[in-house]
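Read off the chains here:
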Amino acid sequence: MADQNVAAAVQRAQTPPTGPIQRFLAATELDTRLIGMVGALALIWIGFHILSGGIFLTPRNLWNLSVQSSSIAVMATGMVLVIVTRNIDLSVGSILGVLGMVMGVLQAQILPAYLGFGNPMIWVIALGAGIVVGMGIGALQGVIIAYLGVPAFIVTLGGYLVWRGAAWWVTSGRTVAPLDATFQLMGGGPTGAIGFFWSWMVAALICVGILAIILFNRQQRRRFHFPLRPVWAEMVLAALGCGITIAAVWTVNAYPWPIRVAATYAKAHDIPVPEGGLIIPTGIAVPVLIALGCGIAMTFVATRTRFGRYVFAMGGNPEAAELAGINTRWVTVKIFILMGALCAIAAAISSARLNAATNALGTLDELYTIAAAVIGGTSLSGGVGTIVGAMIGALVMQSLQSGMVLMGLDSPLQSIVVGAVLVLAVWLDTLYRRKAN
Amino acid sequence: MLDRKTPLVEMIDISVSFGGLKAVEDASVDLYPGEVVALLGHNGAGKSTLIKVLSGAYKRDRGTIRIDGQEAAIANPRDAKAYGIETIYQQLAVADNVDAAANLFLGRELTTAIGTLDDAAMEAKAREVMGRLNPNFRRFKEPVKALSGGQRQSVAIARAILFNARILIMDEPTAALGPQETAQVGDLIRQLKSEGIGIFLISHDIHDVFDLADRVCVMKNGQVVGTAATSDVTKDEVLGMIILGKVPPGATAGPGALKA
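Reading the values: rules and limits
- Residues numbered from 1 in each chain as written.
- Chains lettered and ligands numbered in written order.
- Predicted model: local features only at pLDDT ≥ 70, side-chain atom pairs only at ≥ 80, totals over all residues.
- Helix = DSSP H or I, 4+ residues; strand = E, 2+ residues; numbered from the N terminus.
- Rg over C-alpha atoms; globule rule 2.2 N^0.38 Å.
- Contact = placed C-beta atoms within 7 Å.
- Buried ≥ 20, exposed ≤ 12 C-beta atoms within 10 Å, placed from the backbone.
- Core = buried A, V, L, I, M, F, W, Y, C linked by C-beta atoms within 7 Å.
- Pairing = 2+ DSSP bridges.
- Axes fitted to C-alpha atoms, helices over the stretch in contact; angles between N-to-C directions.
- pLDDT = per-residue confidence, 0-100.
- Parallel < 35°, antiparallel > 145°, perpendicular 65-115°, else oblique.
- Nonpolar A, V, L, I, M, F, W, Y, C, P; charged D, E, K, R; others polar.
- Domains from an automatic or database assignment.
- Expected span 1.5 Å × (residues − 1).
- Arc of directions from axis to C-beta.
- Left-handed = near helix turned anticlockwise from the far one by under 90°.

### A short note on the overall build of chain A
What chain A contains, in helices and strands, is 18 helices and zero strands. Against the 2.2 N^0.38 benchmark of 22 Å for 437 residues, chain A shows a C-alpha radius of gyration of 23 Å, consistent with a compact globule. Its C-alpha atoms give chain A principal-axis dimensions of roughly 65 × 60 × 45 Å. Within chain A, contacts between residues at least 6 apart in sequence are counted, and of these 79% link residues at least 24 apart.

As structure tokens, then:
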């Protein structure tokens, strides 16, 4: 969609493809910004791999990285829409905190009294309630922003304090643990992954999906006699998409269960442990699947629905959107409702990963979420941003942190580096945009 | 050519004030099908404010709007569109970051059977309409930001005619354009007029619009100075109305006319 790669499109228009690289980019219509970001991620990974003495690019670390990025990635998909419409949400970390507490109390203290411990419906009801409360909080903030005209910065700054306070209030600060066994699967961990077979099934599904989308787009273009991409370019795109999917699934399947977990499992299921330990591939973690699902759903919403179109139009020119007859206030409220629901999903992932709901859960997450969206190419001046960019942004942030931990850097130094990288990334992006214009 | 039976639009005794400031006071103006009426006046004379009441962007304090002789309730831009009123704004109200097709259909997107955006169908329709207006237009995939002033203007006009506007409001339609593009917009206005569309042209420069308009309506200090058919007055007389508020013999005086 053109609204998301303004700079790339402008560049394409001004310089007719000359060299092989330009020809390749023009034919595949790939977003150069996105390629740049993937390149930066690759640099970070290779850099840390060398600096950490070869322990960064291992299945184990990459698997952990994928799980650690999930919560922020989920919230970043919503933050893109918030920032695209020239708003900001400083309250997502606190909302995550209060929703984690609400879901924790519900599943650990209230529901077992009625349904009994371990009832398979507990996690569904807890997550559902969390999403409903999250949507309610989002709606409240959205209405104040859109209809009462208080700037989003102030409303969500207030929300930052209010919801953090509310998180404390739910149990007067006590930590809620342990959580429901099924709910815990949402946090990952060896049992919270889908295993070898299903991971490959997901990979197959994604590959089929990629091919279907490419074919469908080609058919649509033919139907209206638009210029088609060259066949080789379509093949390259398909190969790239499927290749990345297969490589990712191969990596997570190459990470076996920790020996002790596998041993416990073998004992419980009466499986003989072979010489050298039982090797059980972990596969894709549940939180990663959830994040991927959110990413796909939000990309669909942003690019294929009227709502998404309005969000980007409002970001580009709020007055024009209003004059075009768009109910801009209601669209704003809907964005914040969506953000609230995503906070609930992120809260489920974070609390399940800890196997506890604490009132400090999600502290500073608002800043990481905003940083992920911005590193991922979302413009604070509105109108520009992609969901996939923000998710890669979340991965970049988490890679930096995880890499520095592996290198044994002190925690204060880590903050300094992350902060500096954020500023550097936005500066580079500004340069890129200026050059593109 | 002018059908004097029922006016397409009648705005009667419209008043708008911002705080204590009376931006428009008891202004009346009408428009017939296939007619071009130029609203003239200095910056701040109230012409844009008056017309924004019709397009639903501003609320009026007093006054009546009739469309086809029927009283019309216009409280926001959506209401105005329901009456077939389309506005092309001075500041070229297009969303800069989306492409031409998205702008053409903004607020009224075509969707597929399952409710998703049908971009291909919208682009096909956009190519058709733009082909009629501006055959040289090729840049469908690019955000409007990358287009020239004339191209953006043609996108804005295409947007209005795409939805079968009956009443078109053009606020300084040629202010941002070069001579060739201005001529292009002039041809377009004549074409729309021949299709029976009523057009309000708003301008502070009489030379831009005098040859295109059937009638002029001059405003000064928020009031209507007078209205005249362009065949009954000269450019100099209209300038006198704009600058001094002096009404020539060929014009009908309004409440804002200079009292002799």
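### With respect to the overall build of chain B
Secondary structure assignment for chain B yields eight helices and eleven strands. Over its C-alpha trace chain B gives a radius of gyration of 19 Å, about what one expects of a compact globule, namely 18 Å for 260 residues. Principal axes of the C-alpha set define a box for chain B whose edges measure 65 × 40 × 35 Å. Across the 260 residues in chain B, those meeting the buried criterion constitute 51%. For chain B, long-range pairs separated by at least 24 residues make up 66% of all intrachain contacts whose partners lie at least 6 apart in sequence.

### Observations concerning the nonpolar core
Counting 190 residues, the largest nonpolar core has Ala 76 and Cys 343 of chain A together with Leu 201 of chain B as its most contacted members. Considering every element that reaches this core, the biggest residue donor is helix α15 (residues 328-354) of chain A, with 17 residues. Ignoring anything within four residues of it in the chain, the contact list for Leu 201 of chain B reads Val 36, Ala 38, Leu 39, Met 170, Pro 173, Val 209, Leu 212 and Ala 213 of chain B.

### Points about the sheet that holds strand β7 (residues 167-171) of chain B
Residue and element names in this part refer to chain B. Taken in spatial order, the seven strands of this open sheet run β6-β7-β8-β3-β9-β10-β11, and their pairing is mixed. Pairing within the sheet leaves two strands with one partner each, and these edge strands are β6 (85-88) and β11 (252-253). Contacting β3 (36-40), β6, β7, β8 (198-203) and β9 (215-220), helix α1 (residues 47-55) crosses the sheet at an angle of about 150° to β7.

### Observations concerning the interface of chain A and chain B
On the chain B side, the residues contacting the 29 residues of chain A number 28 residues. Breaking the side of chain A that touches chain B down by element, the ones donating at least two residues are α1 (6-14), α9 (195-223), α13 (306-316) and α14 (318-323) of chain A. With six residues, α13 of chain A is the largest single contributor of residues to the side of chain A that touches chain B.

### As for the confidence of the model for chain B
Per-residue confidence for chain B gives a mean pLDDT of 85, with 96% of residues at or over 70. Model confidence for the complex is summarised by a pTM of 0.84, with the ipTM given as 0.73.

### A word on the environment of Glu 172 of chain B
Examined against the element boundaries, Glu 172 of chain B turns out to sit in the loop between β7 and α6 (179-194). Residue Glu 172 of chain B is classed as buried on the basis of its 20 C-beta neighbours within 10 Å.

### Some remarks on the pairing of strand β4 (residues 62-67) of chain B
Residue and element names in this part refer to chain B. Relative to β4, strand β1 (residues 9-18) runs antiparallel, the two being bridged by five bridges. In the strand pairing of β4, Met 11 is matched with Ile 65. Here β4 pairs with strand β5 (residues 70-71) via two bridges, running antiparallel. The residue of β5 that forms the bridge with Ile 67 is Gln 70. The antiparallel hairpin formed by β4 and β5 contains two residues in its connecting segment, where Asp 68 sits at a positive phi of about 55°.

### Concerning the environment of Thr 116 of chain B
Here Thr 116 of chain B shows up in the loop between α3 (100-104) and α4 (119-133). On the basis of neighbour counts, which here come to 16 C-beta atoms within 10 Å, the residue Thr 116 of chain B falls in the partly exposed class. Residues Thr 116 of chain B and Val 225 of chain B, spaced 109 residues apart in sequence, show a C-alpha to C-alpha distance of 51 Å. Residue contacts for Thr 116 of chain B: discarding those within four places in its chain leaves Arg 304 and Thr 305 of chain A together with Thr 111 of chain B.

### Thoughts on the packing of helix α4 (residues 59-84) of chain A against α15 of chain A
The geometry of a pair of packed helices is captured by two quantities: the angle between their axes and the separation between those axes. Residue and element names in this part refer to chain A. Across the interface, α4 lies against α15 with an axial gap of 8 Å and an inter-helix angle of 175°. Relative to α15, α4 is oriented roughly antiparallel. When α4 is examined against α15, the residues Ser 70, Ser 71, Val 74, Met 75, Thr 77, Gly 78, Leu 81 and Val 82 are found in contact with a partner set consisting of Ile 335, Leu 338, Met 339, Leu 342, Cys 343, Ile 345, Ala 346, Ile 349 and Ser 350. Partitioned by chemical class, the residues of the contact of α4 with α15 number twelve nonpolar, five polar and no charged.

### Side note on the pairing of strand β2 (residues 21-31) of chain B
A regular strand places its side chains on the two faces of the sheet in alternate fashion. All names here are of chain B. In the sheet, β1 pairs with β2 via seven bridges, with the strands oriented antiparallel. By the bridge assignment, Val 16 is partnered in β2 with Val 24. The antiparallel hairpin formed by β1 and β2 contains two residues in its connecting segment, where Gly 19 sits at a positive phi of about 65°.

### Concerning the domain arrangement of chain B
All names here are of chain B. Under the domain assignment, chain B is made up of domain 1 (1-84 + 165-260) and domain 2 (96-163). The gap between the C-alpha centroids of domain 1 and domain 2 is 28 Å. In this complex, domain 1 contributes eleven residues to the contact, which on the side of domain 2 involves eight residues. Among the elements that line the side of domain 1 that touches domain 2, the one with the most residues is α6, at five residues. Along the lines of polarity and charge, the residues of the side of domain 1 that touches domain 2 split into eight nonpolar, two polar and one charged.

### Side note on helix α3 (residues 32-51) of chain A
All names here are of chain A. Its 20 residues place the ends of α3 28 Å apart at the C-alpha level, agreeing with the 28 Å of an ideal helix rising 1.5 Å per residue. Every buried residue belonging to α3 is among Arg 33, Met 37 and Phe 48, and all of these are buried. Around the axis of α3, the buried residues are gathered within 50° of arc, so they sit on the same side. Of the residues in α3, the exposed ones pointing more than 90 degrees away from the buried face are Gly 39, Ala 42, Leu 43, Ile 46 and Ile 50. At the exit of α3 stands Gly 53, carrying a positive phi of roughly 75°.

### Topic: the sheet that holds β1 of chain B
Residue and element names in this part refer to chain B. The strand order across the open sheet built from four strands is β2-β1-β4-β5, with neighbouring strands paired in antiparallel fashion. Each having just a single partner strand, β2 and β5 make up the two edges of the open sheet. Of the strands in this sheet, β1, β2 and β4 are in contact with α1, which crosses β1 at around 115°.

### Concerning unusual backbone geometry
Here the bond from Ala 177 of chain A into Pro 178 of chain A is cis, since omega is -10°, no more than 30 degrees from zero. Looking at where Pro 178 of chain A falls in the secondary structure, it is placed in the loop between α7 (152-171) and α8 (181-184). Although it is not a glycine, Asn 355 of chain A adopts a positive phi angle of roughly 55°. Along the polypeptide, Asn 355 of chain A turns up in the loop between α15 and α16 (365-375). You will see that Asn 221 of chain B, though not glycine, has its phi angle at about 50°, which is positive.

### Re the packing of α4 of chain A against helix α12 (residues 286-304) of chain A
Residue and element names in this part refer to chain A. Two elements in contact, α4 and α12, have axes separated by 8 Å at closest approach and are oriented at 15°. For the element pair α4 / α12, the angle class is roughly parallel. Between α4 and α12 lies a crossing of left-handed hand. In this structure, α4 contributes Ser 66, Val 67, Ser 70, Ala 73, Val 74, Thr 77 and Leu 81 to the contact, and α12 contributes Pro 287, Val 288, Ile 290, Ala 291, Cys 294, Gly 295, Met 298 and Ala 302. Tallied by class, residues from the contact of α4 with α12 come to eleven nonpolar, four polar and no charged.

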